[in-house]
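# A closer look at the structure
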Amino acid sequence: VTVDTVVAPVTPVTPVAPVGPVRVLVAGDSTAVQLGDALVLYAAEHPDEIVAGSAAFPGCGLSASDDGRLHQFTNEQGQPDVVSLKGCLSEWASVVQRVSSAERIDVVLVDIGAWDAVDMLLTDGRLVSASDPVGNALIAEAYRTFVGAIESAGANVVWVTPPDVDLQWGRVDSPIDDPARWAALRAIISLLPVEQIDLSGWLAKQGLSGPDGRPDGVHLADE
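Residues numbered from 1 in each chain as written. Predicted model: local features only at pLDDT ≥ 70, side-chain atom pairs only at ≥ 80, totals over all residues. Heavy atoms only, no water.

## Digging into the sheet that holds strand 3 (residues 70-74)
The following threshold applies: Strands pair, by our definition, only if DSSP identifies at least two bridges between them. Under the DSSP-based scheme used, a helix requires at least four consecutive residues in state H or I and a strand at least two consecutive residues in state E, with every element numbered from the N terminus.
Taken together, four strands build an open sheet; the order of strands is 4-3-6-7 and the sheet is antiparallel. Single-partner strands in this sheet number two, and they are strand 4 (80-83) and strand 7 (127-128). Two elements, strand 3 and strand 4, share four bridges in a ladder whose sense is antiparallel. Along strand 4, the bridge assignment pairs F73 with D81.

Below, the structure written as structure tokens:
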């Protein structure tokens, strides 16, 4: 199953304004797990405003595929390591299935940190990323396919626009620290028919652009 086929087309449904609390499903990687947990707690305290659930899975970017590509990341020791994300395909498919179900989800809130900014090692030996044409095209197609499937299933997509990453704030050297990768990802998102939440701008306004806001350079501080 590829990213293109895992989200099977369904009969298009025009999203309508929700009646009652907005029903939000959070999707993405570990940054979304964190956001989902916080939003579920908020929803419990504000049941008239929002009903929240999570379909977020650590280590899952939308650039996942079963075409043999590997994702190369920097481990805690600062060394490169590789992993296949093909197991994430069923997780992403489950998001579309839940939107199509009786849960009546209004909004899918997408939050992806580093997993779409890392290097991808293709089966032909090429090392690509969001900042080169080949990698950029792979990610853009995956994003478009996912958004189209969610909208066809009847929900709107809101995307937490990712800020630049500085992994461990310089204690290790990682390719994902390259601002060009994040600019490329934000450019892809800007072409999607989605609402955006500017996390970088919010962090700056709160004075949290550095380690106080993201202790490891990627994930928000718990508080």
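That was the structure; now back to the text.
## Re empty space enclosed by the protein
Let me state the cut-off plainly: Grid points spaced at 1 Å and placed over the protein atoms alone form the basis of the search, with a cavity being a set where a 1.4 Å probe fits but cannot get out and a pocket an open set showing protein on both sides within 12 Å along at least five of seven lines. Lining residues have an atom within 4 Å of a point. Grid points are joined across faces, edges and corners, and a volume is the space filled by probe spheres set on the points. When residues are sorted by character, Ala, Val, Leu, Ile, Met, Phe, Trp, Tyr, Cys and Pro go into the nonpolar class, Asp, Glu, Lys and Arg into the charged class, and all the rest, Gly among them, into the polar class.
Tallying each qualifying case throughout the model produces two cavities of 30 Å³ or more. Lining the second largest cavity are I112, G113, D116, Y143, W159, P162, L185 and I189. In terms of residue class, the lining of the second largest cavity is built from six nonpolar, one polar and one charged.

## Structural notes on helix 4 (residues 133-153)
Selection criterion: Take the residue count of a helix, subtract one, and multiply by 1.5 Å to get its expected span. Accessible area is worked out with a 1.4 Å probe on protein chains only. A residue is then buried under 20% of its type maximum, exposed over 50%, and partly exposed in between. Two N or O atoms form a polar contact when they lie within 3.5 Å of each other; inside protein one atom must be a possible hydrogen donor and the other a possible acceptor, and for residues adjacent in sequence the pair counts only when both atoms belong to side chains.
Here helix 4 is 21 residues long and its end C-alpha atoms lie 30 Å apart, about the 30 Å a rise of 1.5 Å per residue gives. For helix 4, the complete set of buried residues consists of G135, I139, A140, A142, Y143, T145, F146, V147, A149, I150 and A153. Sitting at the head of helix 4, D132 places a side-chain oxygen 3.1 Å from the backbone nitrogen of V134. One or two positions beyond helix 4, positive phi appears at G154, with a value near 115 degrees.

## Digging into the side chain of D111
Which entries qualify depends on this criterion: Only four residue types enter the tally: Lys and Arg on the positive side, Asp and Glu on the negative side, with His and both chain ends excluded. The salt bridge definition used is simple: a Lys or Arg side-chain nitrogen within 4 Å of an Asp or Glu carboxyl oxygen. Only heavy atoms enter the contact rule, under which two residues are in contact if any of them lie within 4.5 Å.
Tracing the backbone through its elements, the reader meets D111 in strand 5 (residues 107-111). Here D111 sits buried without a salt bridge, and the closest side chain of opposite charge, R214, lies 9.2 Å off (N-O distance). Within the structure, D111 has its side chain in polar contact with the side chain of T31 (distance 3.4 Å). Excluding residues within four positions of it along the chain, D111 makes contact with A27, G28, D29, T31, A32, L35 and V160.

## Side note on the layout of surface pockets
Roughly 680 Å³ of internal volume is contained in the largest pocket. Along its surface, the largest pocket is lined by 28 residues, and Q34, L35, L199, W202 and L220 are the ones closest to its centre. The element best represented in the lining of the largest pocket is helix 2 (residues 30-45), accounting for six residues. Of the residues contributing to the lining of the largest pocket, the split by class is 17 nonpolar, five polar and six charged. In this structure, the second largest pocket occupies an estimated 390 Å³ of space. In this structure, the second largest pocket is lined by 20 residues; those nearest its centre are F73, T74, L167, V218 and H219. Broken down by element, the residue count for the lining of the second largest pocket peaks at three residues, all from strand 3. Among the residues forming the lining of the second largest pocket, the class breakdown is eight nonpolar, eight polar and four charged.

## Here's the deal with the pairing of strand 8 (residues 156-161)
We count it as follows: When the strands point away from the viewer, a crossover counts as right-handed if the path from the first strand over the helix to the second runs clockwise.
Among the six residues that make up strand 8, five are buried, leaving the element largely enclosed by the rest of the structure. Judged from the four bridges that link them, strand 5 and strand 8 form a sheet pairing that is parallel. Following the sheet pairing, V110 is matched in strand 8 by W159. The pairing of strand 8 with strand 9 (residues 195-198) spans four bridges and is classified as parallel. Paired with V160 across the strands is I197, a residue of strand 9. On the question of chirality, the crossover connecting strand 8 to the parallel strand 9 by way of helix 5 (residues 179-190) is right-handed.

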